[in-house]
Amino acid sequence: MLLEKSNIAEFDAPTVVSMFDMKTPMDTCDHARYDDLLKIDELWRLIGNTHTDFVRDNPETLRSVMDGLDYLVVRDGNRQIVGAISVLDCKRGGLFKIDSLAVDPPERGKGYARVLVRGAIELCMDRQAKKICTLALPASQPLLSSLGFEVYKTNYDGDASMFLEIDRKTAA
């Protein structure tokens, strides 16, 4: 899979990861700032992920819990976060994991999830990933498949373990 970067730009924190040559201004995926973490936590709750319940009221603890992941976000025209994705470097020979992906329900169907997944893939490729894995909900499986992910195993509830092999010859 070949992902191209164009027009890498500065943003007010820390830097823009990807700006894809697409048709709308929302196609920017950037690193989250610490003050974005509570909004990201709200997005995770929309998909049933409540792993941060015990630290919700303590931003400092929430920050330390979330420090082990990279968070990419997309923002609408008002610079409000409408989607987020988290990426974990498993520190095992180039293995990365997309941990969570969520888009605000009123914003779904507008391409935000595709921008986030492409940004996550690009981030992993920049860090020399060999393989990216994820546990995908049924709703996100067609998107991930369209970006090159393959199903390894489907669970009883329809969630699928998926992976993407990074071909360095193709990606170069």
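Refer to the preceding data block for the structure.
Small disclaimer: the values here were computed from a predicted structure and weren't measured.

Cut-offs and rules
Residues numbered from 1 in each chain as written. Predicted model: local features only at pLDDT ≥ 70, side-chain atom pairs only at ≥ 80, totals over all residues. Heavy atoms only, no water. Buried < 20%, exposed > 50% of the residue type's maximum accessible area, 1.4 Å probe, protein only. Helix = DSSP H or I, 4+ residues; strand = E, 2+ residues; numbered from the N terminus. Right-handed = clockwise from strand over helix to strand, strands pointing away. Pairing = 2+ DSSP bridges. Contact = heavy atoms within 4.5 Å. Expected span 1.5 Å × (residues − 1). Phe/Tyr/Trp six-rings, centres within 6.5 Å; stacked < 30°, edge-to-face > 60°. Lys NZ or Arg CZ within 6 Å of the ring centre and 35° of its normal. Salt bridge = Lys/Arg side-chain N within 4 Å of Asp/Glu carboxyl O. Polar contact = N/O pair within 3.5 Å; in protein donor to acceptor, adjacent residues only side chain to side chain. Core = buried A, V, L, I, M, F, W, Y, C linked by side-chain atoms within 4.5 Å.

**A look at the pairing of strand β6 (residues 131-136)**
Right, so step 1: Covered by surrounding structure in β6 are Ile132, Thr134 and Ala136 only, the residues Lys131, Cys133 and Leu135 on the alternate face being uncovered.
Right, so step 2: A crossover links strand β5 (residues 95-103) with its parallel partner β6, the connecting element being helix α3 (residues 112-126), and its sense is right-handed.
Right, so step 3: Examined bridge by bridge, β6 and strand β8 (residues 160-165) share six bridges and lie antiparallel to one another. Paired with Ala136 across the two strands is Ala160, which belongs to β8.

**Thoughts on the environment of Gly94**
Right, so step 1: Within the secondary structure, Gly94 is located in the loop between β4 (81-89) and β5.
Right, so step 2: It is 8.1 Å that separates the C-alpha atoms of Gly94 and Arg127, two residues lying 33 residues apart in sequence.
Right, so step 3: Residues in contact with Gly94, not counting those within four places in the same chain, are Gln128, Ala129, Lys130 and Lys131.

**Examining α3**
Working note: α-helix, 3.6 residues per turn, so residues spaced by three or four point in the same direction.
Right, so step 1: In this model α3 runs 21 Å from its N-terminal to its C-terminal C-alpha over 15 residues, within 8% of the 21 Å that 1.5 Å per residue would give.
Right, so step 2: Buried residues of α3: Tyr112, Val115, Leu116, Val117, Arg118, Gly119, Ala120, Ile121, Glu122, Leu123, Cys124 and Met125, and no others.
Right, so step 3: Two residues or fewer past α3, Gln128 is found with a positive phi of approximately 70°.

**Considerations on the packing of aromatic side chains**
Right, so step 1: Within the structure shown, the criterion is met by zero aromatic pairs.
Right, so step 2: Above the face of the Phe163 ring, Lys131 is positioned so that its terminal group lies 5.0 Å from the ring centre.

**Observations regarding the pattern of salt bridges**
Where charged atoms from two side chains of opposite charge come close, those side chains can pair.
Right, so step 1: Counted according to the given criterion, the structure contains five salt bridges.
Right, so step 2: Linking Lys97 and Asp99 is a salt bridge whose minimum nitrogen-to-oxygen distance equals 3.0 Å.
Right, so step 3: Salt-bridge contacts for Glu165 lead to Lys131; the nearest nitrogen and oxygen are separated by 3.2 Å. Within this pair, whereas Glu165 is found in strand β8, its partner Lys131 is found in strand β6, the two being separated by 34 residues in sequence.

**Here we look at the side chain of Gln141**
Right, so step 1: Examined against the element boundaries, Gln141 turns out to sit in helix α4 (residues 141-146).
Right, so step 2: Polar side-chain contacts of Gln141 include one of 2.8 Å to the backbone oxygen of Gly158.
Right, so step 3: The residues contacting Gln141, other than those within four sequence positions of it, are Ala136, Gly158, Asp159, Ala160 and Met162.

**Here we look at the nonpolar core**
Right, so step 1: Core analysis: the largest hydrophobic core is formed by 28 residues, its most contacted members being Ile85, Val117, Ile121, Ile132 and Phe149.
Right, so step 2: Put simply, the parts of the chain that give this core at least two residues each are β3 (70-75), β4, β5, α3, β6, α4 and β8.
Right, so step 3: At nine residues, the largest contribution of residues to this core is made by α3.
Right, so step 4: The next biggest cluster of nonpolar side chains, apart from the first, holds eleven residues, and it includes Ala32, Val73, Ala84 and Ala102.

**Details of unusual backbone geometry**
Right, so step 1: If you check the backbone angles, Lys91 has positive phi at about 60° while not being a glycine.
Right, so step 2: Note on Lys91: relative accessible area 68%, which makes it exposed.
Right, so step 3: The phi dihedral of Gln128 is positive, around 70°, even though this residue is not glycine.
Right, so step 4: Inspection of the secondary structure puts Gln128 in the loop between α3 and β6.

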